[in-house]
Structure formats: structure tokens, C-alpha cells
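Listed below are the residues making up each chain.
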Amino acid sequence: VAMEQTFIAVKPDGVQRGLVGETVRRFEQKGFKLVAMKMVQASSAHLEEHYKDLKEKPFFSGLCTYMASGPVVAMVWEGSGVVAMGRMLLGETKPQDSLPGTLRGDFCINVGRNIVHGSDSVESAKREIALWFKREEIVTWKSCTHDWLYE
Ligand code: DAT
Ligand code: MG
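What counts, and where the lines are drawn
Residues numbered from 1 in each chain as written. Chains lettered and ligands numbered in written order. Predicted model: local features only at pLDDT ≥ 70, side-chain atom pairs only at ≥ 80, totals over all residues. Heavy atoms only, no water. Helix = DSSP H or I, 4+ residues; strand = E, 2+ residues; numbered from the N terminus. Rg over C-alpha atoms; globule rule 2.2 N^0.38 Å. Buried < 20%, exposed > 50% of the residue type's maximum accessible area, 1.4 Å probe, protein only. Contact = heavy atoms within 4.5 Å. Arc of directions from axis to C-beta. Near = heavy atom within 4 Å. Polar contact = N/O pair within 3.5 Å; in protein donor to acceptor, adjacent residues only side chain to side chain. 1 Å grid on protein atoms, 1.4 Å probe; cavity = no way out; pocket = protein on both sides within 12 Å on 5 of 7 lines; lining within 4 Å. Sits in = over half its atoms within 2 Å of the grid points.

Each helix and strand in the chain was counted, giving 8 helices and 4 strands. Starting at the N terminus and walking to the C terminus, you meet the elements of the chain as β-α-α-β-α-α-β-α-α-β-α-α. In summary, the chain has a C-alpha radius of gyration of 15 Å against a globular reference of 15 Å for 151 residues, a match within 12%. Each of the three principal axes of the chain carries a C-alpha extent, and together these read 45 × 35 × 25 Å. Burial status across the chain gives 44% buried among its 151 residues. Long-range pairs, those at least 24 residues apart, make up 78% of the contacts in the chain between residues at least 6 apart in sequence.

On to helix H5 (residues 82-90). Of the residues making up H5, those classed as buried are Val82, Val83, Gly86, Leu89 and Leu90. Along the axis of H5, the buried positions cluster into a sector of 115°, meaning they face one direction only. More than 90 degrees from the buried face of H5, the exposed residues found are Ala84 and Met88. Buried residues in H5 make contact with strand S1 (4-10), helix H2 (20-30), strand S3 (72-79), helix H6 (103-107), strand S4 (116-118) and helix H7 (122-132).

Before going further, it helps to examine H2. Listed in full, the buried residues belonging to H2 are Glu22, Thr23, Val24, Arg26 and Phe27. Buried-residue contacts for H2 involve S1, strand S2 (33-40), S3, H5, H6 and S4. Looking at the residues trailing H2, positive phi occurs at Gly31, about 120°.

Let's shift gears to the environment of Thr140. Summarising the element assignment, Thr140 is placed in the loop between H7 and helix H8 (146-149). Given the relative accessible area of 78%, Thr140 is considered exposed. Along the chain, Thr140 and Ala36 lie 104 residues apart, while their C-alpha atoms are 9.4 Å from each other.

What follows is about the site of ligand 1. Inspection of the region around ligand 1 gives Lys11, Tyr51, Leu54, Phe59, Leu63, Arg87, Thr93, Arg104, Val111 and Asn114 as its neighbouring residues. Interatomic distance of 2.7 Å between a side-chain N/O atom of Arg87 and an oxygen atom of ligand 1. In this structure, Asn114 approaches ligand 1 through a side-chain N or O atom, which is 2.8 Å from an oxygen atom. A majority-of-atoms criterion places ligand 1 in the largest pocket.

Take a look at the structure:
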């Protein structure tokens, strides 16, 4: 099976609201494998780099201020199709477009406080993982569930 990795982060509002466990639970229960996790107080410079594709947007500076307003919990999840399925677990960018059953559909209201980040493509996942984690922070391990999740 071809494995992918994605970068998922519980944003400062998600951390403050006690949604770290819920986020981890949903990715675990789906069957994805956690390969890195840490709590980080990110700098503005780091967040500007993370969101550099949105530099021209009117909400860019507010977005970076919000993301620096408290710690985030940064994670790397691994699995077949984890980038696209991770986005499905999150829901849409706007909570109002996110269905119940998704993290954003179940736990938030406002696009500027949408509790969790997920990479939007395999390419951006690679860039984001490299930005947030050192190579040695990514753990290689075999889950005992592997052979029951994949044929
Ligand atoms: P996503 O986080 O779903 O990948 P994105 O990459 O387009 O969405 O934007 C990054 C974040 O920026 C998003 O999670 C919340 C914020 N954002 C996006 N569109 C916005 C808007 N119209 N107004 C305010 N914040 C917005
Ligand atoms: Mg995005």
C-alpha cells in the first residue's frame, strides 16, 4: 500500500477549548498512524512561512496573529490517502459549509476560529511537515492494527 503523511495541527482555539484529544481520537479511530506530535508556541515568522500562499489575502495578518495567540499541537499522521481523508475528517474551511460529523462541523462556527489545520495536498504536506518537524522527530513504527486495516 502506498503510504502518505499529512500535517495536522490543533489551532490555539482548539487547544484552549480542549479539543486536542477529540482530534487525535478521530484520526486514531479512522485507522491512521500518529508518527509525530508536539505542542508549539509558534512565532509570527514561522506562521507567515506556513501560510505564505495566503500572504496577499486581507485576513492574512489576523490569521497569523490568531495562530500565534497560544500554543498549537502539531502532528504528522500517516496512512493510505491520509491527506484527502484528513481533510474530510476536518470538514470545509468555513464551518458553515462543514457537515456534522466533521471536526469543524461539530465544534466551531467562525472561519477565523476553525480549530484545526490540515494539509491540502501531498505536496503541501511535505512542505509543512518539513517546516514544523525535524527529520528525527518523525517516528518510524509498525502499528499492530496495520494488517487489519490494509489488505
Ligand atoms: P484551510 O485551513 O481549510 O486549508 P485555507 O488554507 O484556504 O483553508 O486558509 C487558511 C486559514 O485561513 C483557514 O483555515 C481560516 C483562514 N481563512 C480562510 N479564508 C478566510 C476568510 N475568508 N476569512 C477569514 N479567515 C479565513
Ligand atoms: Mg490550507
